[in-house]
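# Close look at the chain arrangement
Listed here are the chains, written in short residue letters.
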Amino acid sequence: GFNVQPHATRFPYRTPPARLGVVVPTGAPLIVVSAVDSFEGRRQIASWAKTYSRVFVDLRAHGTVGVMCLVPHDDIPSYLATLESDEDAPEPACGMEGTAFVGMMLAGIVTAQLNAYFRGLPTFRKFVFEAGTFTALHTEYNEPDGRYANQEPQFDPNAQIEQMLQ
């Protein structure tokens, strides 16, 4: 397993948190997960992740809509170039800023996607869903080697099952 280190305060811009007790070199197998309430916060965390992570994950809960972005290290600059601003974000209905069941669904989705990523299988680059019906609203894809694809990957499900069983 992974050594999970929660960090609930503002992330440092250029250096890893001292309380982690480690210095993370570029290319290290570190996963950075962003689950903050602002796009500016996401931008700061992704900028830090550009230097210190292998994979950046952006999770968003907006009422009954969930968003998961799994961004390999080399694709973080394009993620930053297309990241929305706080002014562009729609205002949620009262009491619908984020709901627990959307967060739980996101946790399951990101766990499965990270498992696929580290096995070299295709993953979602961006997955947007409506949680009440688990309807996919928008999907973009990464190639198994981490390159951005933006189309559904073509793969043999039987070969994928065989690879997972190894």
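Since the model is a prediction, treat every value here as computed from it, not as a measurement.

As a further point, take the overall build of the chain. Each helix and strand counted, the chain has four helices and five strands in total. Secondary structure of the chain in N-to-C order comes out as β-α-β-β-α-α-β-β-α. Look at the contacts in the chain between residues 6 or more apart in sequence, and 57% of them connect residues 24 or more apart. For the chain, the exposed surface amounts to about 9700 Å²; the carbon and sulfur share of it is 57%.

Quick look at the sheet that holds strand β1 (residues 31-34) now. Spatial strand order, β1-β2-β3-β4-β5: five strands in an open sheet with mixed pairing. What marks the edges here is a single partner per strand, and that holds for β1 and β5 (135-142). Looking at each pair of strands side by side, their axes are set apart by 10 degrees on average, direction ignored. Sheet analysis places strand β4 (residues 123-130) next to β5, joined by seven bridges and oriented antiparallel. Bridge pairing links phenylalanine 129 to alanine 136 in β5. Strands in contact with helix α1 (residues 39-52) are β1 and β2 (55-62); relative to β2, the strand with the most contacts, it is inclined by about 170 degrees.

Summed over the entire model, instances satisfying the criterion amount to five salt bridges. Taking the shortest distance from any N to any O, the salt bridge between glutamate 84 and arginine 60 comes out at 3.5 Å. Of this pair, glutamate 84 sits in the loop between α2 (76-82) and α3 (100-118) while arginine 60 is found in strand β2, placing the two residues 24 residues apart along the sequence. For glutamate 84, a relative accessible area of 28% puts it in the partly exposed group.

This part is about the pairing of β4. In terms of burial, β4 is a largely internal element, eight of the eight residues being buried. Pairing of strand β3 (residues 65-72) with β4, which is carried by five bridges, proceeds in the antiparallel orientation. In the strand pairing of β4, cysteine 69 is matched with lysine 126. In textbook terms, the turn of a hairpin is the stretch between consecutive antiparallel strands, and for β4 and β5 this stretch comprises four residues, one of which, phenylalanine 134, has a positive phi near 45 degrees.

For α1, built from 14 residues, the straight-helix expectation of 20 Å at 1.5 Å per residue is met to within 8% by its first-to-last C-alpha distance of 20 Å. Tucked into the core, α1 has its buried residues touching β1, β2 and α2. Taking the backbone nitrogen of glycine 41 as reference, a side-chain oxygen 2.9 Å away marks serine 38 as the first, capping residue of α1.

The terminal C-alpha atoms of α3 lie 27 Å apart, and with 19 residues this matches the ideal 27 Å at 1.5 Å per residue to within 8%. For α3, the full list of buried residues reads Val102, Leu106, Ile109, Val110, Gln113, Leu114, Ala116 and Tyr117. Each buried residue of α3 sits inside an arc of 155 degrees when the element is viewed along its axis, so together they form one side. Exposed side chains of α3 directed beyond 90 degrees from the buried face belong to Ala100, Met104 and Thr111. Check the buried side of α3 and you find it contacts β1, β2, β3 and β4.

Right, let's get into the environment of threonine 82. Checked against the element boundaries, threonine 82 lands in helix α2. By relative accessible area, threonine 82 is classed as exposed at 59%. Separated by 3.1 Å, the side chain of threonine 82 and the backbone oxygen of serine 78 make a polar contact.

What counts and how
- Residues numbered from 1 in each chain as written.
- Predicted model: local features only at pLDDT ≥ 70, side-chain atom pairs only at ≥ 80, totals over all residues.
- Heavy atoms only, no water.
- Helix = DSSP H or I, 4+ residues; strand = E, 2+ residues; numbered from the N terminus.
- Contact = heavy atoms within 4.5 Å.
- Areas by Shrake-Rupley, 256 points an atom, 1.4 Å probe, with all protein chains shown as cover.
- Pairing = 2+ DSSP bridges.
- Axes fitted to C-alpha atoms, helices over the stretch in contact; angles between N-to-C directions.
- Salt bridge = Lys/Arg side-chain N within 4 Å of Asp/Glu carboxyl O.
- Buried < 20%, exposed > 50% of the residue type's maximum accessible area, 1.4 Å probe, protein only.
- Expected span 1.5 Å × (residues − 1).
- Polar contact = N/O pair within 3.5 Å; in protein donor to acceptor, adjacent residues only side chain to side chain.
- Arc of directions from axis to C-beta.

Note that all results are geometric; they support no functional claim without further evidence.
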